[in-house]
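Spelled out from the first residue to the last, the chains are:
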Amino acid sequence: MKLIFERSRSGRGLGLLPPCDVPRCELPENARRTGRPALPEIGEIDLGRHYTELAKQTHGVNDGFYPLGSCTMKYNPRINEEMAALPGFTGIHPLQEEQTAQGCLEVLYRTQKALGEITGMDAVSLQPAAGAHGEYTGLLLIRAYHQARGDLARTKIIVPDSAHGTNPASAVMAGFKVVNVPSDEHGFVDLDGLRAAMGPDVAGLMLTNPNTVGLFDPNIRTITDIIHEAGGLCYYDGANLNAVMGIARPGDMGFDCVHVNLHKTFSTPHGGGGPGSGPVGCKEFLAPFLPGPVAEKKGDTYAFAVPAQSFGRVRTFCGNFLVVVRALTYILSLGKEGIPAAAQGAVLNANYLMKKLADGGYEMAYPGICMHEFVMTLEELKKETGVSALDVAKRLLDFGIHPPTMYFPLIVHEALMVEPTETESRETLDEAAEVFLKILDEAKNDPENLHTAPHRTPIGRPDEVTAARTPVLRWKAE
Ligand SMILES: *Cc1c(COP(=O)(O)O)cnc(C)c1O
């Protein structure tokens, strides 16, 4: 397909700028362009067709099933967008006087309260811009706590090998050394390995739960006890809270702080990299260290406050405010009954699809009941037929299904990680299962067709390394 610049013809164009209704003022000479900007010139109908054609070349949640594990590309209710587009929210200025921004402060305050309730935490900061940023913020809380007690020996963070990859990275960014503990054969934290890692240098633990293989660790209370007895604190990576929200709370499992991903669990579209939001919640004793400002309520008035021993800001102003608006809309429209129902739907859908695929011959990395997602291993299939997880993922595209997450988590070989989400109907899951099983059959009878898939998409198999390392994202005028 042609680029918009290739469709451009000099002299065509929209020219729809309204007449100027403010006094003209000349820019200083050094701030002016020397030539015309290289903008495409194209009529309205051709422009509309161009973008429609572009949109048809990609696959989104509105096109079909999108079971991308660990990312929760869920359906985002349109009412969230309507709320986030209200002029009172989009037109607000962060430096406005508090008394003129009471509605926005109320949104921040009520979201803090709701997330505190859902996670079982006493205080929440909405500043972090994403999940990994929330992890980093939570670790700075742990560091500030130990430092305030004058305990400077605690330099290590324990990270199980089933943690999300961002966990060790955030720990290092926050100045800690990472100690890995292995998983046992069921995919849970190895308790003996954990006990062996304890000592006076342990600052805390970072645990992803449900973990990256989609399992809820049944020893969770024992794990947090082991850390607390050694004087450490417990951090909960709640990026995938959609399996447990409204049912189990990190605060009740013994965790001291947590982050959640509003752009995963609380419905903000996050394809293409943002914007996100990774609020951090903590227990009362950590609240004084939170980044500020946080929203407070005094009588009937809302105001900003900076916690007494705050370690400083992690982002400008209050974070990604419109993502917070969407999350609050989602929470309020689901309500106290809807939130656990969504979690139950997510878990039910994942188990339903897992059972169908397991019965049909796919090998599960960890058989048994899963949470909101499950991981298959295609290692044996590859040995038998030469067909890899990548081949299966590519072939799914021919049937209008977005590939699951591939080759993640790293502890499972030839992994495909499938997350249906709660919004999919039984019919969609049945159709998807049929496609998966058809592909398995093809792997045994016509593997070549899989090695060359997809056959029906605008682009087949780009060189993934080059595409990731040196993407061409800009058109340059001659
Ligand atoms: C997605 C994810 C993260 C990172 O979140 P970002 O918003 O991408 O930074 C961390 N932990 C888990 C378990 C996740 O699934």
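Please read all numbers here as calculations on a predicted model, not as lab measurements.

Novice: Break down the packing of helix H6 (residues 131–148) against helix H7 (residues 166–173) for me, with residues and values.
Specialist: For the pair H6 and H7, the least separation of the axes is 9 Å and the interaxial angle reads 45°. With respect to their mutual orientation, H6 and H7 come out oblique. As for the relative orientation of H6 and H7, their crossing is right-handed in sense. Packed against H6, whose contacting residues are Ala-132, Glu-135, Tyr-136 and Leu-139, the element H7 presents Thr-166, Asn-167, Ser-170, Ala-171 and Met-173 at the interface. In terms of residue class, the contact of H6 with H7 is made up of 5 nonpolar, 3 polar and 1 charged.

Novice: I'd love a proper account of the side chain of Glu-373, names of residues and values included.
Specialist: Along the chain, Glu-373 falls in the loop between helix H10 (321–359) and strand E10 (374–377). One buried charged residue, Glu-373, remains without a salt bridge, the closest side chain of opposite sign being Lys-264 at 8.3 Å. Reaching out from Glu-373, the side chain makes a polar contact with the backbone nitrogen of Ser-70 at a distance of 2.6 Å. Filtering out sequence-adjacent residues up to four positions away, Glu-373 remains in contact with Gly-69, Ser-70, Asn-211, Val-213, Gly-214, Asn-240, Ala-350, Met-417, Val-418 and Glu-419.

Novice: Give me the lowdown on the pattern of salt bridges, citing residues and values where you can.
Specialist: Within this structure, the stated rule accounts for 19 salt bridges. In this structure, the salt-bridge partner of Lys-356 is Asp-430, at a minimum N-O distance of 3.1 Å. Taken together, the residues Lys-356 in helix H10 and Asp-430 in helix H13 (residues 426–445) connect sequence positions 74 residues apart. According to the relative accessible area criterion, Lys-356 is partly exposed, its value standing at 32%. Connected through salt bridges with shared partners, the residues Glu-117, Arg-249 and Asp-252 form a single ionic network.

Novice: Outline the nonpolar core, supporting the account with residue identities and numerical values.
Specialist: Counting residues in hydrophobic clusters, the biggest one holds 55 residues, and the most contacted among them are Leu-194, Met-245 and Phe-266. Residue assignment for this core shows that the elements contributing at least two residues are helix H5 (102–119), strand E4 (202–208), helix H9 (220–229), strand E5 (233–238), strand E6 (257–260) and H10. At 12 residues, H10 tops the list of elements feeding residues into this core. When sequence neighbours within four positions are dropped, the list of residues in contact with Leu-194 reads Ile-158, Val-181, Val-189, Leu-205, Ile-223, Ile-226 and Ile-227.

Novice: Go over the packing of H5 against H10 with me, naming the residues and quoting the values.
Specialist: Axis separation between H5 and H10 bottoms out at 10 Å; the angle between their running directions is 50°. The pairing of H5 with H10 is recorded here as oblique in orientation. In this structure, H5 crosses over H10, and the sense of that crossing is left-handed. For the pair H5 and H10, the contacting residues are Cys-104, Val-107, Leu-108, Arg-110, Thr-111, Ala-114, Leu-115 and Ile-118 in the first and Phe-321, Val-324, Val-325, Leu-328, Ile-331, Leu-332 and Ile-339 in the second. Tallied by class, residues from the contact of H5 with H10 come to 13 nonpolar, 1 polar and 1 charged.

Novice: So what's going on with the site of the ligand? Which residues, and what values?
Specialist: Lining the immediate environment of the ligand, one finds 14 residues, of which Gly-131, Ala-132, Asp-237, His-263 and Lys-264 sit closest. A distance of 3.4 Å is found between a nitrogen atom of the ligand and a side-chain nitrogen or oxygen belonging to His-164. Between the ligand and Asn-240, the relevant distance is 3.3 Å, taken from an oxygen atom to a side-chain nitrogen or oxygen of the residue. When the ligand sits alone it has 380 Å² of accessible area, and the protein chains cover 85% of it.

Novice: Describe the side chain of Asn-349, with residues and values.
Specialist: Note that Asn-349 resides in helix H10. Classification of Asn-349 by relative accessible area gives buried; the value is 11%. What Asn-349 contacts, discounting residues up to four positions off in sequence, is Pro-420, Thr-421, Glu-422, Glu-424 and Leu-429.

Novice: Residue-level account of the packing of aromatic side chains, with values.
Specialist: Overall, the coordinates contain 6 aromatic pairs when judged by the stated rule. Seen from their ring centres, Tyr-145 and Phe-285 are 5.2 Å apart, and the 70° between their planes marks the pair as edge-to-face. Of this pair, Tyr-145 sits in helix H6 while Phe-285 sits in the loop between strand E7 (280–282) and strand E8 (294–298), and the two are 140 residues apart along the sequence. Under the relative-accessibility criterion, Tyr-145 is labelled buried at 19%. Relative to Phe-255, the ring of Tyr-236 lies with its centre 4.9 Å away and its plane at 80°, an arrangement referred to as edge-to-face. Pair noted here: Tyr-236 is in strand E5 and Phe-255 is in the loop between E5 and E6, with a separation of 19 residues, a long-range link. A relative accessible area of 0% means that Tyr-236 is categorised as buried.

Novice: Now, about the state of the cysteines: what can you tell me, with residues and values included?
Specialist: Inspection of every chain in the model, using the stated rule, returns 0 disulfides. Free cysteine Cys-104: the closest other cysteine sulfur is in Cys-318, separated by 9.1 Å. This cysteine, Cys-234, is not joined by any disulfide, and Cys-257 carries the nearest cysteine sulfur, 8.7 Å off.

Novice: Please set out the environment of Ala-203 residue by residue, giving values where relevant.
Specialist: Of note, Ala-203 is situated in strand E4. Note on Ala-203: relative accessible area 0%, which makes it buried. For the pair Ala-203 and Gly-175, spaced 28 residues apart in sequence, the C-alpha separation works out to 11 Å. Here Ala-203 is in contact with Ile-142, His-146, Arg-154, Lys-156, Ile-157, Phe-176, Gly-232 and Leu-233, once residues within four sequence places are set aside.

Novice: How would you sum up the pairing of E6? Please name residues and give values.
Specialist: Of the two faces of E6, both are covered, the one formed by Cys-257 and His-259 as well as the one formed by Val-258 and Val-260. Pairing of E5 with E6 involves 4 bridges; the strand directions are parallel. Residue pairing in the sheet places Tyr-236 in a bridge with Val-258 of E6.

Novice: Please give an account of the sheet that holds E5 that cites residues and values.
Specialist: Note: strands within a sheet are paired through backbone hydrogen bonds, in either parallel or antiparallel orientation. Strands sit in the order E1-E7-E6-E5-E4-E2-E3 across an open sheet of 7 strands; the sheet is mixed. Both outer strands of the open sheet, strand E1 (123–125) and strand E3 (177–181), are each paired with one neighbouring strand and no more. When the angles between neighbouring strand axes are averaged without regard to direction, this sheet yields 25°. Looking at chain direction, E6 and E7 are connected through 3 bridges and run antiparallel. In the strand pairing of E7, Cys-257 is matched with Cys-282. Across the sheet, H6 touches strand E2 (156–160), E4, E5, E6 and E7, and the angle it forms with E5 is around 170°. In the packing of H9 onto the sheet, the strands contacted are E4 and E5, and the crossing angle to E5 comes to about 140°.

Quick notes on the rules
Residues numbered from 1 in each chain as written. Predicted model: local features only at pLDDT ≥ 70, side-chain atom pairs only at ≥ 80, totals over all residues. Heavy atoms only, no water. Axes fitted to C-alpha atoms, helices over the stretch in contact; angles between N-to-C directions. Helix = DSSP H or I, 4+ residues; strand = E, 2+ residues; numbered from the N terminus. Parallel < 35°, antiparallel > 145°, perpendicular 65-115°, else oblique. Left-handed = near helix turned anticlockwise from the far one by under 90°. Contact = heavy atoms within 4.5 Å. Nonpolar A, V, L, I, M, F, W, Y, C, P; charged D, E, K, R; others polar. Buried < 20%, exposed > 50% of the residue type's maximum accessible area, 1.4 Å probe, protein only. Lys, Arg positive; Asp, Glu negative; His and termini not counted. Salt bridge = Lys/Arg side-chain N within 4 Å of Asp/Glu carboxyl O. Polar contact = N/O pair within 3.5 Å; in protein donor to acceptor, adjacent residues only side chain to side chain. Core = buried A, V, L, I, M, F, W, Y, C linked by side-chain atoms within 4.5 Å. Near = heavy atom within 4 Å. Areas by Shrake-Rupley, 256 points an atom, 1.4 Å probe, with all protein chains shown as cover. Phe/Tyr/Trp six-rings, centres within 6.5 Å; stacked < 30°, edge-to-face > 60°. Disulfide = S-S within 2.5 Å. Pairing = 2+ DSSP bridges.

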